[in-house]
Amino acid sequence: MMSMLQRGKLSQIPEDSDSEVVVLVECGSFNPVTVFHLLLLELARDVIEREEGMIVLGGLLSPVGDAYGKPGLASSEDRLKMCELAAQSSSWIDVCSVECDSEVFLPTWKVLVMIREDLCAYTNRAVHVKLVCGEDLVHSMPKWAPENVENLFQQASLLVMPRSGAKSNENLLDADVYQRRPEKFKLLGNSLAFNVSSSEIRKRVSEDRSIKYLTCDPVIQYIEERRLYRESEKPEISENSYWFKHSGQ
Ligand SMILES: Nc1ncnc2c1ncn2[C@@H]1O[C@H](COP(=O)(O)OP(=O)(O)OP(=O)(O)O)[C@@H](O)[C@H]1O
Ligand SMILES: NC(=O)c1ccc[n+]([C@@H]2O[C@H](COP(=O)(O)O)[C@@H](O)[C@H]2O)c1
């Protein structure tokens, strides 16, 4: 199988180390990738290394495939490329193309299992997988097929960042999914929470406003060259899309 995380970006595991090994995965649309997506992985790594003493093998951005059917989604080719350009700025973050390569929608738990199995086979040791996300993803889970949520909690644990300026006022601690499996969650401090989003970038591009420092320079150049997001969004919502049925929006 093609590598999901370039071997050159993987941390070395000292031979005599009995520390637990983990890969951090962020799943999303990345339409386009923002500075916050990268920062979220950095903050998660810091917490896991300092507070849990685990070895972080690497971090992955996994853009959802075209089959998700979310209105206004740029092609998986463009979103994958922008993630790759953003990951060039990191020594340990890489991009996983398994969702974009798939013609069918892959539930998040399946993506995490594929990544974990690939890395277990490569390192020849047990590898844990943690989903790094914003709290809006957790609030959307009641719309997912219940078995997909259950499988996710069986296969992985979550590192969750409060989302400043979130549309929802729900508190993560009140969410049913949290209350059912609190041991599966670790909350990241909100002192660095800020309100940059892909939708804000798309809006600003369509209004010809600056997006400097909201995403990486090579991503800005790519958006300009490919003239992405120039039209203001006219969401054509297909009621048959996976997104419409399961995204919670
Ligand atoms: N500013 C932010 N604060 C907290 N979490 C964030 C932030 N931006 C993105 N995330 C998280 O990163 C993951 C991937 O995000 P996604 O690709 O959906 O970007 P987004 O900015 O939420 O997109 P959009 O604005 O198009 O809804 C999700 O778990 C999301 O909650
Ligand atoms: N059943 C599932 O596992 C399921 C359902 C809906 C969305 N998701 C994921 O949640 C993320 C949502 O991203 P957006 O917030 O950009 O729509 C995507 O990575 C998507 O694959 C997973």
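Residues numbered from 1 in each chain as written. Chains lettered and ligands numbered in written order. Predicted model: local features only at pLDDT ≥ 70, side-chain atom pairs only at ≥ 80, totals over all residues. Heavy atoms only, no water.

Within an unreviewed UniProt entry, the label attached to the protein reads Nicotinamide-nucleotide adenylyltransferase, and the organism entered is Rhodosorus marinus. Comment text from UniProt for the protein, heading Sequence similarities (unreviewed entry), reads "Belongs to the eukaryotic NMN adenylyltransferase family." UniProt annotates the protein under Pathway (unreviewed entry) with the comment "Cofactor biosynthesis; NAD(+) biosynthesis; NAD(+) from nicotinamide D-ribonucleotide: step 1/1." (UniProt positions renumbered as here; feature names shortened; annotations may be inferred.)

Draft legend 1. Representation of the site of ligand 2 within the structure. In the vicinity of ligand 2 lie 16 residues, with Gly28, Ser29, Tyr68, Lys70 and Thr108 positioned nearest. Separating a nitrogen atom of ligand 2 from a side-chain N or O atom of Asn148 is a distance of 3.1 Å. Coverage of ligand 2 by the protein amounts to 92% of the 500 Å² it exposes when considered alone. The set of elements that each furnish at least two residues to the shell around ligand 2 consists of β1 (21-28) and α9 (242-246). Taken together, the residues of the shell around ligand 2 sort by class into 8 nonpolar, 6 polar and 2 charged. (Near = heavy atom within 4 Å. Polar contact = N/O pair within 3.5 Å; in protein donor to acceptor, adjacent residues only side chain to side chain. Areas by Shrake-Rupley, 256 points an atom, 1.4 Å probe, with all protein chains shown as cover. Helix = DSSP H or I, 4+ residues; strand = E, 2+ residues; numbered from the N terminus. Nonpolar A, V, L, I, M, F, W, Y, C, P; charged D, E, K, R; others polar.)

Draft legend 2. Representation of empty space enclosed by the protein. Here the structure, examined in full by the defined rule, presents 1 cavity of 30 Å³ or more. By volume, the largest cavity amounts to about 30 Å³. Surrounding the largest cavity, Val64, Gly65, Asp66, Ala67, Glu99, Ser102, Val104, Phe105 and Leu106 form its lining. Looking at the lining of the largest cavity, its residues break down into 5 nonpolar, 2 polar and 2 charged. (1 Å grid on protein atoms, 1.4 Å probe; cavity = no way out; pocket = protein on both sides within 12 Å on 5 of 7 lines; lining within 4 Å. Points joined across faces, edges and corners; volume = space filled by probe spheres on them.)

Draft legend 3. Quick look at the side chain of Glu99. You can see Glu99 is positioned in the loop between β3 (93-95) and α3 (108-123). Buried and unpaired, Glu99 has Arg79 as its nearest opposite-charge partner, separated by 7.9 Å. Side chain to side chain, Glu99 and Ser62 meet in a polar contact 2.6 Å long. Excluding residues that lie within four positions of it along the chain, Glu99 makes contacts with Cys27, Ser62, Pro63, Val64, Gly65, Leu106 and Val111. (Buried < 20%, exposed > 50% of the residue type's maximum accessible area, 1.4 Å probe, protein only. Lys, Arg positive; Asp, Glu negative; His and termini not counted. Salt bridge = Lys/Arg side-chain N within 4 Å of Asp/Glu carboxyl O. Contact = heavy atoms within 4.5 Å.)

Draft legend 4. The site of ligand 1, seen in detail. Inspection of the region around ligand 1 gives 21 residues, with Asp136, Arg163, Phe194, Ser198 and Ser199 positioned closest. Between ligand 1 and Arg202, the relevant distance is 3.0 Å, taken from an oxygen atom to a side-chain nitrogen or oxygen of the residue. When ligand 1 sits alone it has 600 Å² of accessible area, and the protein chains cover 94% of it. Mapped by element, the contributors of at least two residues to the shell around ligand 1 are β1, α1 (35-52), β4 (128-134) and α7 (198-206).

Draft legend 5. Representation of the pairing of β4 within the structure. Among the 7 residues in β4, 6 count as buried, and that is most of the element. Of the strand pairs in this sheet, β4 and strand β5 (residues 157-161) are connected by 5 bridges, and their pairing is parallel. Note that in β5 the partner of Lys130 across the bridge is Ser157. (Pairing = 2+ DSSP bridges.)

Draft legend 6. Up close: the packing of aromatic side chains. Per the counting criterion, the structure on display carries 5 aromatic pairs. Centroid distance Phe153 to Phe185: 5.6 Å. Interplanar angle 50 degrees. Geometry classified as tilted. Of the two residues, Phe153 is situated in helix α5 (residues 146-155) and Phe185 in strand β6 (residues 185-187); the sequence distance between them amounts to 32 residues. An identical accessibility class is assigned to Phe153 and Phe185; each is buried. Over the ring of Trp92 we find Arg45, and its NZ or CZ is 4.7 Å from the ring centre. (Phe/Tyr/Trp six-rings, centres within 6.5 Å; stacked < 30°, edge-to-face > 60°. Lys NZ or Arg CZ within 6 Å of the ring centre and 35° of its normal.)

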